[in-house]
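Here is what each chain is made of, one letter per residue.
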Amino acid sequence: MTAAIIDGKAFAAGLRARIATEVAALADRGIKPGLAVVLVGEDPASQVYVRSKGRMTVEVGMASFEHRLPATTPEVELLALIARLNADPAVNGILVQLPLPRHLNEAAVINAIAPEKDVDGFHILNVGRLATGQRAMVPCTPLGCLMLLRDRLGDLAGKRAVVIGRSNIVGKPMAQLLLRDNATVTVAHSRTADLPALCREADILVAAVGRAEFVKGNWIRPGATVIDVGINRTEAGLVGDVDFTSALPVAGAITPVPGGVGPMTIACLLANTLTATARANGLPDPEGLTP
Ligand code: NDP
């Protein structure tokens, strides 16, 4: 048996096409969604992400506003920019690219974003809303993983899910989303005892560890659906957190790296921007873009 490959690249392209259609429909009502991306400093990976975010935002017909600030920007200046973007009706989504330079307080900066424009879903109010089952903005990467899982498996109720990683960006919101879909969820981390045995119980295994090819094929339950969030740069190129070669004959389905979860993240950022725009204009949430 060989695992089915979950084509995140194709799924994300389909999602962006749907979003473009919805954006065109909004244009008929005189509404144009706008996404502002703030980049502080010159982190090379962040620059690449910000560029592709800007390009894809324009491709779906939204307005893209880029704010590049020097690495030495004082926190008051960054907060003043966020306050201006919060007040700007042309801006429906605000994303502050992480990581921020060390002298800036990441939590204070994120929590300064108006929650309804927080398209990354990192504001403490959105985190709390997700955790309590209220209408939230949901972090893009786990939202993308959820879409792929639902597409593959349909109803997730009763499935045993193991999420490896407990970051605020991926692991924790992923666990919340799976729980909300009635999976039975275990969150593993660096102190988890006998991780391979735990993973072998999972119908759904999400790896968000940040270690190249960490999860081995013999940790995977035969037929399980494996979502590999990892992006690790090695001499051999980009690899995930799952050892793809040994996982392939065991898993039922698996996301490749690259071409799996990665493209879903930006597509979901656009989805969140569309959702934020609909909500700002008193329209119903676009279908299938929110959990
Ligand atoms: P973090 O470094 O914030 O979190 C990593 C998690 O993995 C931590 O909870 C850590 O545990 C856990 N961990 C580390 N080592 C082990 C171990 N030996 N056994 C079990 N658990 C372990 O990473 P992120 O969540 O931000 O990102 C995870 C991966 O996903 C990275 O490769 C990142 O590049 C990628 N990523 C990809 C995105 C995409 O768009 N595809 C978006 C965001 C991230 P502990 O808490 O105990 O330290």
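The preceding data block contains the structure.
Residues numbered from 1 in each chain as written. Predicted model: local features only at pLDDT ≥ 70, side-chain atom pairs only at ≥ 80, totals over all residues. Heavy atoms only, no water.

J.: In this structure, what is going on with the pairing of strand β3 (residues 63–69)? I would like to understand it.
T.: Every other side chain in a regular strand lies on the same face of the sheet, so the side chains alternate between the two faces. Two strands pair when backbone bridges link them, and strand β2 (residues 34–40) and β3 are joined in this way by seven bridges, in the parallel orientation. Within β3, the position partnered with L39 by the bridge is R68. Following the backbone out of β2, through helix α2 (residues 44–59) and into the adjacent parallel β3, one traces a crossover that is right-handed. (Pairing = 2+ DSSP bridges. Helix = DSSP H or I, 4+ residues; strand = E, 2+ residues; numbered from the N terminus. Right-handed = clockwise from strand over helix to strand, strands pointing away.)

J.: When you look at the sheet that holds β3 in this model, what are you seeing that I'm missing?
T.: Either a parallel or an antiparallel arrangement is found when strands of a sheet pair, and the pairing is made through backbone hydrogen bonds. What the three strands build is an open sheet, ordered β3-β2-β4; its pairing is parallel. On the outer flanks of this sheet lie β3 and β4 (93–96), each paired with one strand and no other. Taking the axes of each pair of neighbouring strands and ignoring which way they run, one obtains an average angle of 15° across the sheet. This element, α2, spans β2, β3 and β4 of the sheet and lies at about 160° to β3. (Axes fitted to C-alpha atoms, helices over the stretch in contact; angles between N-to-C directions. Contact = heavy atoms within 4.5 Å.)

J.: What exactly am I supposed to notice about the pairing of strand β6 (residues 184–188) here?
T.: The sheet contact formed by strand β5 (residues 160–164) and β6 spans five bridges and is parallel. Bridge pairing links R160 to T184 in β6. For the crossover from β5 across helix α7 (residues 171–180) to β6, the handedness is right-handed.

J.: What is the right way to read the packing of helix α6 (residues 140–153) against helix α10 (residues 261–280) from this model?
T.: Between α6 and α10, the shortest axis-to-axis distance is 8 Å and the interhelical angle comes to 105°. Between α6 and α10, the angle falls in the class roughly perpendicular. Taken together, the residues of α10 that come into contact with α6 (itself represented by C140, T141, L143, G144, C145, M147 and L148) are V261, M264, T265, C268, L269 and N272. Its residues assigned to classes, the contact of α6 with α10 shows nine nonpolar, four polar and no charged. (Parallel < 35°, antiparallel > 145°, perpendicular 65-115°, else oblique. Nonpolar A, V, L, I, M, F, W, Y, C, P; charged D, E, K, R; others polar.)

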